[in-house]
Amino acid sequence: MPKSIPYTKGSIIYFSGDKDDRIFILQKGMVFLTSTDVETGAPVTEYIREGEFFGVKSAFGHFPREETATVVMDSVAVSMSVAEFEKLFSSNKAVIMKMLRVFSNQLRAIHKKTESILSSGKNVNVQTGMVSVAQSFYSEDEYRSCCDVCLKFLKLYPNSPAKDIMIKMYADAKIRMEKLQQRAARNEQQNSIDAVPITPSVFSLPGFARFAKTFEPGSVIISEYEPGATFYLIQSGSVQLVKCVNGSRKNLDILHPGEFFGEMAILENSPRSATCVAIDKVEVLEFNKENFEVLMTGNPQMALILLKLFCKRIYDQKRRLKILVVPDAQARIADVFLMFDEMAPPVNPNDKVRRFNLTVSDISHWSGLPVEVVRDETNKLIEKRKIEVFDTYIIVTNIVDMKRLADSRRTQRQA
């Protein structure tokens with residue numbers, strides 16, 4: 001059961017890097033959390049006051065602590081397990097919505113930093129942004145996705161100055177899409193595999209059937225810059241989150257069954273911050289803006305799943321941002337390998353050889369570097385026998401060397 005713990009001024013509740021699954025609520029006094037800004041390396045301080053929670057993200061996600069919690073004055077904090085927190089959380093509607101909004105704001109702030117780095121700080125209005133999203137799909141032969149974005153745009157902005165451009169792009173993309181579909185249809189029966197739903201049982205109840213919706217491969221479920229009126233829970237299939245930056249698409253994440261997307265625009269009443277594309281046949285539950293709060297507060301399990309998802313996404317996006325702020329191109333590439341190694345640790349930690357199902361194009365997306373730069377830098381690594389590049393995968397001959405490379409250049413700053 002939750003336990004009240006007294007702390008004296010100057011004591012440390014936990015250190016950055018600790019692995020600790022406790023969640024705290026400050027009952028009396030004051031605590032400050034110190035961490036390091038991923039982009040600038042500067043210290044960041046956040047004050048926790050009476051009645052506020054801390055330690056939630058790392059406890060929920062089972063990640064190392066990102067901050068050090070220091071007691072400012074004699075204080076009392078209530079320590080609880082994740083299970084105890086979930087019990088308290090699920091019975092308090094005000095806490096549910098407050099924490100969802102706080103984590104949503106944190107995630108959007110990270111997205112904005114990421115976008116600023118990738119786009120060199122250029123601002124784009126929503127209509128111009130949607131046009132660039134459609135053009136990025138067209139230029140990479142993703143005609144189904146291009147058509148979807150064009151149709152969304154024409155429905156939202158029928159009198160836009162860019163209307164004729166989008167109509168023409170749609171017509172051309174539709175012709176090209178139909179040709180590709182005819183070619184693919186001949187192999188569909190032998191190659192298709194039905195996805196197995198892996199959805200929490202609470203969402204399999206008959207009452208949720210009316211929210212079910214299906215998207216074919218390549219469908220744009222959400223377009224970056226469009227208004228947010230719906231959010232989704234994946235029942236089967238996978239969804240790719242991408243951002244359009246300077247006319248090309250950058251990977252943000254790949255979501256799987258049991259995960260939400262689209263909820264940030266609902267919570268913040270703001271345009272979509274990313275484009276969500278069906279990788280394969282995707283089945284989702286679609287909820288609208290009006291019933292979001294009712295669903296969250298009336299279904300504690302759903303709210304808890306969403307809260308845990310925010311914790312994971314915040315951690316994952318900070319890890320991606322950590323790569324993007326490295327000024328040295330080769331160190332960025334090395335850090336991409338390290339990130340994927342952290343996501344899937346080997347069975348034998350003493351084994352230094354790693355195989356990653358990545359291509360040069362994939363590394364370009366994750367590192368935020370042009371394909372040509374990635375190709376040049378990987379060739380240098382090949383010459384030094386640090387990696388072996390194949391069509392669909394890359395072998396890292398010594399992951400420890402990659403860590404040394406990334407660490408030695410991570411703190412360098414461009415002149």
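For the structure itself, consult the block above.
Bear in mind the structure is a predicted one, so any value in this text is a computation, not a measurement. (Residues numbered from 1 in each chain as written. Predicted model: local features only at pLDDT ≥ 70, side-chain atom pairs only at ≥ 80, totals over all residues. Heavy atoms only, no water.)

Before going further, it helps to examine the overall build of the protein. Secondary structure summary: the protein contains 13 helices and 17 strands in total. On C-alpha atoms alone, the protein measures out to a radius of gyration of 23 Å, which is about the 22 Å that the 2.2 N^0.38 rule sets for 415 residues. For the protein, the spread of C-alpha atoms along the three principal axes comes to 70 × 60 × 45 Å. Split into buried and exposed, the 415 residues of the protein put 48% on the buried side. A separation threshold of at least 6 residues defines the contact pool for the protein, and within that pool the share at least 24 residues apart is 76%. Split by element, the accessible area of the protein, about 21000 Å² in all, is 53% carbon and sulfur. Charge separation in the protein, taken as the distance between the mean sites of 55 positive and 50 negative side-chain charges, equals 2 Å. (Helix = DSSP H or I, 4+ residues; strand = E, 2+ residues; numbered from the N terminus. Rg over C-alpha atoms; globule rule 2.2 N^0.38 Å. Buried < 20%, exposed > 50% of the residue type's maximum accessible area, 1.4 Å probe, protein only. Contact = heavy atoms within 4.5 Å. Areas by Shrake-Rupley, 256 points an atom, 1.4 Å probe, with all protein chains shown as cover. Lys, Arg positive; Asp, Glu negative; His and termini not counted. Charge placed at Lys NZ, Arg CZ, Asp CG, Glu CD.)

Turning our attention to the sheet that holds strand β16 (residues 387-389). Read from one edge to the other, the open sheet built from 3 strands follows the order β15-β17-β16, with strand pairing classed as antiparallel. Because the sheet does not close on itself, it has two edges, and the strands there are β15 (354-356) and β16. On average, each strand axis in the sheet is inclined to that of its neighbour by 15°, with strand direction left out of account. Where β16 and strand β17 (residues 394-396) come together, 3 bridges link them in antiparallel fashion. Bridge pairing in β17 places V389 opposite I394. (Pairing = 2+ DSSP bridges. Axes fitted to C-alpha atoms, helices over the stretch in contact; angles between N-to-C directions.)

Between its first and last C-alpha, helix α4 (residues 126-139) extends 20 Å over 14 residues, near the 20 Å set by a 1.5 Å rise per residue. Buried within α4 are the following residues: G129, M130, V131, S132, V133, A134, S136 and F137. Where α4 starts, the residue carrying a side-chain oxygen 3.2 Å from the main-chain nitrogen of Q127 turns out to be N125. Taken from the residues just after α4, D141 is the one with a positive phi, measuring 65°. (Expected span 1.5 Å × (residues − 1). Polar contact = N/O pair within 3.5 Å; in protein donor to acceptor, adjacent residues only side chain to side chain.)

Here we come to the nonpolar core. One finds F85 and M296 to be the most contacted residues of the largest nonpolar core, which totals 43 residues. Ranked by residues supplied to this core, first place goes to helix α9 (residues 300-324) with 11 residues. Counting residues in hydrophobic clusters, the runner-up holds 24 residues, among them M339, V360, I363 and V396. (Core = buried A, V, L, I, M, F, W, Y, C linked by side-chain atoms within 4.5 Å.)

The antiparallel open sheet is built from 4 strands, whose spatial order is β8-β13-β10-β11. Lying at the two open borders of the sheet, with one neighbouring strand each, are β8 (220-222) and β11 (248-255). For this sheet, the mean inter-axis angle between neighbouring strands, taken without regard to orientation, is 35°. The pairing of strand β10 (residues 239-245) with strand β13 (residues 275-278) spans 4 bridges and is antiparallel.

What follows concerns the pairing of strand β3 (residues 23-36). Looking along a regular strand, one sees the side chains alternate between the two faces of the sheet. Relative to strand β6 (residues 68-80), β3 is paired through 10 bridges, and the arrangement is antiparallel. The residue of β6 that forms the bridge with I25 is V78. Where β3 and strand β5 (residues 53-54) come together, 2 bridges link them in antiparallel fashion. Paired with F24 across the strands is F54, a residue of β5.

With that out of the way, let us pick up the side chain of R108. Along the chain, R108 falls in helix α3 (residues 93-119). With sequence-adjacent residues up to four places away left out, R108 is seen in contact with M264, A265, E268, S270, P271 and S273.

This part takes up empty space enclosed by the protein. Tallied over the entire structure, the rule returns 2 cavities of 30 Å³ or more. The calculated volume of the largest cavity comes to roughly 140 Å³. When residues of the lining of the largest cavity are traced back to their parent elements, those giving at least two are α3 and α7 (263-268). Broken down by element, the lining of the largest cavity gets its largest block of residues, 3 residues, from α7. Residue classes in the lining of the largest cavity are distributed as 7 nonpolar, 3 polar and 4 charged. Approximately 40 Å³ is the volume found for the second largest cavity. Every residue lining the second largest cavity is listed: L107, H111, L241, L252, D253, M264, R313 and Q317. (1 Å grid on protein atoms, 1.4 Å probe; cavity = no way out; pocket = protein on both sides within 12 Å on 5 of 7 lines; lining within 4 Å. Points joined across faces, edges and corners; volume = space filled by probe spheres on them. Nonpolar A, V, L, I, M, F, W, Y, C, P; charged D, E, K, R; others polar.)

The relative placement of two packed helices is expressed as an angle between their axes plus a distance between the axes. At a minimum axis distance of 9 Å, the contact between α9 and helix α10 (residues 329-343) shows a crossing angle of 160°. In this view, α9 runs roughly antiparallel relative to α10, as classed from their interaxial angle. You can see that α9 and α10 cross each other, and the crossing is right-handed. On α10, the residues that touch R319, R320, K322, I323 and L324 of α9 are R332, D335, V336, L338, M339 and E342. Along the lines of polarity and charge, the residues of the contact of α9 with α10 split into 5 nonpolar, no polar and 6 charged. (Parallel < 35°, antiparallel > 145°, perpendicular 65-115°, else oblique. Left-handed = near helix turned anticlockwise from the far one by under 90°.)

This part takes up the packing of aromatic side chains. Scanning the entire structure with this criterion turns up 17 aromatic pairs. With 5.7 Å between their ring centres and 55° between their planes, F32 and Y47 make a pair best called tilted. Of this pair, F32 sits in strand β3 while Y47 sits in strand β4 (residues 43-48), and the two are 15 residues apart along the sequence. Note on Y47: relative accessible area 39%, which makes it partly exposed. We note R65 situated over the ring of Y14; from NZ or CZ to the ring centre the distance is 4.0 Å. (Phe/Tyr/Trp six-rings, centres within 6.5 Å; stacked < 30°, edge-to-face > 60°. Lys NZ or Arg CZ within 6 Å of the ring centre and 35° of its normal.)

Applying the stated criterion across every chain yields a total of 20 salt bridges. With a shortest N-O distance of 2.7 Å, D37 and K113 are connected by a salt bridge. With D37 in the loop between β3 and β4 and K113 in helix α3, the pair connects residues that are 76 residues apart, well separated along the chain. One continuous salt-bridge network, built from bridges that share partners, spans D20, R22 and R65. (Salt bridge = Lys/Arg side-chain N within 4 Å of Asp/Glu carboxyl O.)

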